[in-house]
Amino acid sequence: MERYNRQASFAPFGTEGQHQLMKTRIMIMGGGALGSHLAEQLARMGVGHLTVIDMDVVELSNLHRQALYDEHDAESMSPKVEVLKKNIGRINRHVGFDALHVELTPRNIEEILNVYQPDIVLDGMDNFEMRFLINEACHKLGIPWVYGAAVGSKGTVYAMDYTGPCLKCMLDIIPDTGESCAINGVLPPAIHQVISYEIGEVIRYASGEGFSKKLISLDIFTMKNQTMDIDGLKDGSCPVCDRSEYELLNKKESGPIEALCGGTYMFRLKRTAFDSAEYLPGNIKKETPFVKLISYKDIEMTVFQDGRMNVYGIPSDDLAYDFYRTLLKSIR
Ligand SMILES: [Zn+2]
């Protein structure tokens, strides 16, 4: 307990809150900027157990804002969750840690929540559709979750336990501006602010205070921050919290190609694509047990164990579909 003295001395949290935190299981969805900082801070504070889900490997462009990753991890194309597991173990060996190097989808989200049984889910995602999927899955299973987003100099945080509005109820208040980190950039302090409020909500939860029931908006450039009471924002006709209709969760089919931010495409290929990567067009430039990097003309591909492939350097959707068909023919 001594190592947590400083935070336990904060009376509203106290040793009771600390003991509660040490029993709390947190699931962090996404291991990028928000997710890596959330994991580090919660591990330092002595949370009971962390499960982090992320499908990416460390890249050089991550390092300016993401915690616990270094140049060596980027060079070796290490999966983020594996690096987190190693480093979290060094920070606090008492924290349980499960690393899930998978894509979170409507097909697996419920099973993952059921298997790992988090008390709270924290948002470390970077796109709106995923957050509405989390909203549906967590509502269905009755798991409190904290929405957190940072883009540019701005951030938003909202923790929900379904006594108040869910994310869908707030759709008009938190609109999808189409902004993304790849296009609009993101300033590291905006991330730090967002994770601070997300963890603030976890501290309130462990203290027995419950979530703040406030929508928090911040801007670390204009320095304008706002806190909005969400009483009265619950939508009486919300399909999620009024009728338990889970549109995204029931959409079990994912298309074969998805355009990611920053001009990257994700192809969903058969699992055998990883093992038989030598049959794909181009040359394997680098390989690890988790990922293979293939170069073909102006195109670069990273193929993962589950058959996912990130493809860089394709200028249009049509060409992406053409290339996808070419790949299909070469996979055994
Ligand atoms: Zn709702």
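Residues numbered from 1 in each chain as written. Predicted model: local features only at pLDDT ≥ 70, side-chain atom pairs only at ≥ 80, totals over all residues.

> What is the right way to look at the sheet that holds strand 14 (residues 308-312) in this model?
Neighbouring strands of a sheet are bound in pairs by backbone hydrogen bonds; such pairs are parallel or else antiparallel. Strands sit in the order 9-10-14-13-12-11 across an open sheet of six strands; the sheet is antiparallel. Sheet topology places strand 9 (257-260) and strand 11 (283-287) at the edges, where each strand pairs with a single neighbour. In this sheet, neighbouring strand axes are inclined to one another by 25 degrees on average, regardless of whether the strands run parallel or antiparallel. With four bridges connecting them, strand 9 and strand 10 (residues 264-268) associate as antiparallel partners. Counterpart to Ala259 in the pairing with strand 10 is Tyr265. Here helix 11 (residues 317-330) sits on the sheet in contact with strand 9, strand 10 and strand 14, set at roughly 135 degrees to strand 9. (Pairing = 2+ DSSP bridges. Helix = DSSP H or I, 4+ residues; strand = E, 2+ residues; numbered from the N terminus. Axes fitted to C-alpha atoms, helices over the stretch in contact; angles between N-to-C directions. Contact = placed C-beta atoms within 7 Å.)

> How should I be thinking about helix 5 (residues 80-91) in this particular structure?
Because an α-helix completes one turn every 3.6 residues, residues spaced three or four positions apart along the sequence face the same direction. The end-to-end C-alpha distance of helix 5, which contains twelve residues, comes to 16 Å, matching closely the 16 Å that a straight helix rising 1.5 Å per residue would cover. Looking at helix 5, one finds that the buried residues are Lys80, Val81, Val83, Leu84 and Ile88. On an axial view of helix 5, the arc spanned by its buried residues comes to 150 degrees, and they lie on one face. Contacts made by the buried residues of helix 5 are with helix 3 (33-45), strand 2 (49-53), helix 4 (71-75) and strand 3 (96-100). (Expected span 1.5 Å × (residues − 1). Buried ≥ 20, exposed ≤ 12 C-beta atoms within 10 Å, placed from the backbone. Arc of directions from axis to C-beta.)

> Mind showing me how you'd approach the packing of helix 3 against helix 9 (residues 188-207) here?
The description of two packed helices rests on the angle between their axes and on the distance between the axes. For the pair helix 3 and helix 9, the least separation of the axes is 9 Å and the interaxial angle reads 50 degrees. With respect to each other, helix 3 and helix 9 are oriented oblique. At the point where helix 3 passes helix 9, the crossing takes the right-handed sense. Only Ile191, His192, Val194, Ile195, Glu198 and Ile199 of helix 9 make contact with helix 3, whose side of the interface consists of Ala33, Leu34, His37, Leu38, Gln41 and Leu42. A class-by-class count of the residues in the contact of helix 3 with helix 9 yields eight nonpolar, three polar and one charged. (Parallel < 35°, antiparallel > 145°, perpendicular 65-115°, else oblique. Left-handed = near helix turned anticlockwise from the far one by under 90°. Nonpolar A, V, L, I, M, F, W, Y, C, P; charged D, E, K, R; others polar.)

> It is not clear to me how the environment of Ile299 should be interpreted in this structure. Could you clarify?
For Ile299, the location among the structural elements is in strand 13 (residues 299-304). Its 17 C-beta neighbours within 10 Å are what place Ile299 among the partly exposed residues. In this structure, the C-alpha to C-alpha distance between Ile299 and Lys154, residues 145 residues apart in sequence, is 33 Å. In this structure, Ile299 is in contact with Val311, Tyr312, Gly313 and Ile314, ignoring residues within four places of it in sequence.

> Is there a simple way to explain the sheet that holds strand 6 (residues 154-160) in this structure?
Taken in spatial order, the eight strands make up an open sheet running 3-2-1-4-5-6-7-8, and their pairing is mixed. Looking along the sheet, the strands with just one partner apiece sit at the ends: strand 3 and strand 8 (226-229). Neighbour-to-neighbour, the strand axes of this sheet turn through a mean angle of 15 degrees, independent of strand direction. As defined by bridge partners, strand 4 (residues 120-123) adjoins strand 5 (residues 145-151) across two bridges and the pair is classed as parallel. Within strand 5, the residue paired with Val121 across the bridge is Trp145.

> Which parts of the structure should I look at to understand the domain arrangement of the protein?
Bring the parts together and some accessible area is lost; that lost area is often taken as the interface size. Under the domain assignment used here, the protein contains domain 1 (2-229) and domain 2 (257-330). Once you take the C-alpha centre of each, domain 1 and domain 2 turn out to be 29 Å apart. (Domains from an automatic or database assignment.)

> Just to check I follow, could you spell out the packing of helix 3 against helix 5 for this structure?
With their axes 10 Å apart at the nearest point, helix 3 and helix 5 run at an angle of 20 degrees to one another. As judged from the angle between their axes, helix 3 and helix 5 are roughly parallel. The handedness of the crossing between helix 3 and helix 5 comes out as right-handed. Where helix 3 approaches helix 5, its residues Ser36, Ala39, Glu40, Ala43 and Arg44 are matched on the opposing element by Lys80, Leu84, Ile88 and Ile91. Taken together, the residues of the contact of helix 3 with helix 5 break down into five nonpolar, one polar and three charged.

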